[in-house]
Amino acid sequence: MGTSISEQEFARICGGIAEDRKAIVKHNPIGTDAEVLLWMLLNCLNSYLSLSEQEMPCFTGRPDERTYREAILFVLRGRTTDSFDPEPYINSLLTE
């Protein structure tokens, strides 16, 4: 495990996704709005943290909002520069 993320950077990523919410949802009709936004956050984290294929969460069946949320929390475990609770940022991402 190499790259890590700070609370400030995580907040910035969540804020950017929230700002682009309408365009993201419009161009990714793969599920509910929450599923699309969490999918986007998970993929941003995968890229930002330079996760290897083995480190990326795998899903069986069709992932839902809970699955994506759990995958995001899993990816963050041990990869933050400081101890912070990501849940408020995730929750604010999902509220308009």
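Residues numbered from 1 in each chain as written. Predicted model: local features only at pLDDT ≥ 70, side-chain atom pairs only at ≥ 80, totals over all residues. Heavy atoms only, no water.

Chemist: I'm lost on the overall build of the protein chain in this one. Help?
Modeler: Assigned secondary structure in the protein chain consists of five helices and zero strands. When the elements of the protein chain are put in sequence order from the N terminus, they spell out α-α-α-α-α. Rg of the C-alpha trace for the protein chain: 13 Å, near the compact-globule value of 12 Å for 96 residues, within the 12% margin. Overall, the C-alpha framework of the protein chain stretches about 35 × 30 × 20 Å when taken along its three principal axes. Counting across all 96 residues of the protein chain, residues that qualify as buried make up 36%. Looking at the protein chain alone, contacts between residues at least 24 apart form 71% of all its contacts between residues at least 6 apart. (Helix = DSSP H or I, 4+ residues; strand = E, 2+ residues; numbered from the N terminus. Rg over C-alpha atoms; globule rule 2.2 N^0.38 Å. Buried < 20%, exposed > 50% of the residue type's maximum accessible area, 1.4 Å probe, protein only. Contact = heavy atoms within 4.5 Å.)

Chemist: Just checking my understanding: could you explain the pattern of salt bridges for this structure?
Modeler: As a working rule, side chains carrying opposite charge can pair if their charged atoms are close by. Throughout the structure, instances matching the rule amount to five salt bridges. Close ionic contact of Glu55 with Arg79 constitutes a salt bridge, the shortest N to O distance being 3.2 Å. Placement of the pair is Glu55 in the loop between helix 3 (33–48) and helix 4 (65–76) and Arg79 in the loop between helix 4 and helix 5 (87–94), with a sequence separation of 24 residues. Residue classification places Arg79 among the buried positions, given a relative accessible area of 7%. A salt bridge links Arg69 to Glu87; the shortest N-O distance between them is 2.4 Å. (Salt bridge = Lys/Arg side-chain N within 4 Å of Asp/Glu carboxyl O.)

Chemist: Help me understand the environment of Gln8 in this model?
Modeler: You can see Gln8 is positioned in helix 1 (residues 7–19). Taking relative accessible area as the criterion, Gln8 reaches 67% and is therefore assigned exposed.

Chemist: Can you help me understand the packing of helix 1 against helix 5 in this one?
Modeler: Packed helices, taken two at a time, are described by their axes: the angle between them and the distance between them. Between helix 1 and helix 5, the least distance of the axes is 9 Å, while the angle of their chain directions is 10°. Considering the angle they form, helix 1 stands roughly parallel to helix 5. Of helix 5, the residues touching helix 1 (which contributes Glu7, Phe10, Ala11, Cys14, Ile17 and Ala18) are Tyr89, Ile90 and Leu93. (Axes fitted to C-alpha atoms, helices over the stretch in contact; angles between N-to-C directions. Parallel < 35°, antiparallel > 145°, perpendicular 65-115°, else oblique.)

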